[in-house]
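Tertiary structure, described
Residues per chain are reported as follows:
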Amino acid sequence: MANTVLLNDYDILDVVLLCHAALAQDSPEPPTFYLNQILNLNFAYLNNDQRKEVEVYLAEKKYLPEVKIEISK
């Protein structure tokens, strides 16, 4: 079941501006700096269950593609 979360409009604006800063060639910081800022802004909106899901996602490295091993005979 999907839940609705109200986001502050200034947080949304910050995310968009940070995305543009990360993509700009003349930004003073590397893209990872801006990605971390975006992550921190959005993490604040997660509930406890979602935060635990993030922990499991990272601990189990679910971001890696599934390894498929084929044994040919």
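The rules behind each value
Residues numbered from 1 in each chain as written. Predicted model: local features only at pLDDT ≥ 70, side-chain atom pairs only at ≥ 80, totals over all residues. Heavy atoms only, no water. Helix = DSSP H or I, 4+ residues; strand = E, 2+ residues; numbered from the N terminus. Rg over C-alpha atoms; globule rule 2.2 N^0.38 Å. Buried < 20%, exposed > 50% of the residue type's maximum accessible area, 1.4 Å probe, protein only. Areas by Shrake-Rupley, 256 points an atom, 1.4 Å probe, with all protein chains shown as cover. Lys, Arg positive; Asp, Glu negative; His and termini not counted. Charge placed at Lys NZ, Arg CZ, Asp CG, Glu CD. Contact = heavy atoms within 4.5 Å. Core = buried A, V, L, I, M, F, W, Y, C linked by side-chain atoms within 4.5 Å. Phe/Tyr/Trp six-rings, centres within 6.5 Å; stacked < 30°, edge-to-face > 60°. Axes fitted to C-alpha atoms, helices over the stretch in contact; angles between N-to-C directions. Parallel < 35°, antiparallel > 145°, perpendicular 65-115°, else oblique. Left-handed = near helix turned anticlockwise from the far one by under 90°.

1. Points about the overall build of the chain
Across its full length, the chain holds three helices and zero strands. Reading the secondary structure of the chain in the N-to-C direction produces α-α-α. Relative to its length of 73 residues, the chain is extended, with a C-alpha radius of gyration of 17 Å against a globular reference of 11 Å. Considering only C-alpha atoms, the chain reaches an extent of 60 × 35 × 20 Å along its principal axes. Scored against the burial criterion, the 73 residues of the chain give a buried share of 10%. Accessible surface computed for the chain: about 6,900 Å², of which carbon and sulfur atoms make up 58%. Averaging the coordinates of the 6 positive side-chain charges in the chain and doing the same for the 11 negative ones gives two points 15 Å apart.

2. Describing the side chain of D11
Among the secondary structure elements, D11 is positioned in helix α1 (residues 9-23). When residues no more than four places from it in sequence are discounted, the contact partners of D11 are L41 and Y45.

3. Focus: the nonpolar core
Counting five residues, the largest nonpolar core consists of V15, L18, A22, Y34 and I38. A per-element tally of this core places α1 first, with three residues. Residue contacts for V15: discarding those within four places in its chain leaves I38, L41 and N42.

4. Things to note about the packing of aromatic side chains
Within this structure, the stated rule accounts for two aromatic pairs. Ring geometry for F33 and Y34: centres 5.2 Å apart, planes at 90°, overall edge-to-face. Residue Y34 is classed as buried on the basis of its relative accessible area, which comes to 7%.

5. Comments concerning the packing of α1 against helix α2 (residues 31-43)
Describing two packed helices takes the angle between their axes plus the distance from one axis to the other. Across the interface, α1 lies against α2 with an axial gap of 8 Å and an inter-helix angle of 165°. On the basis of the axis angle, α1 is roughly antiparallel to α2. As for the relative orientation of α1 and α2, their crossing is left-handed in sense. For the pair α1 and α2, contact is made by D11, D14, V15, L18, C19, A21 and A22 and by P31, Y34, Q37, I38, L41 and N42, respectively.

Note that all results are geometric; they support no functional claim without further evidence.
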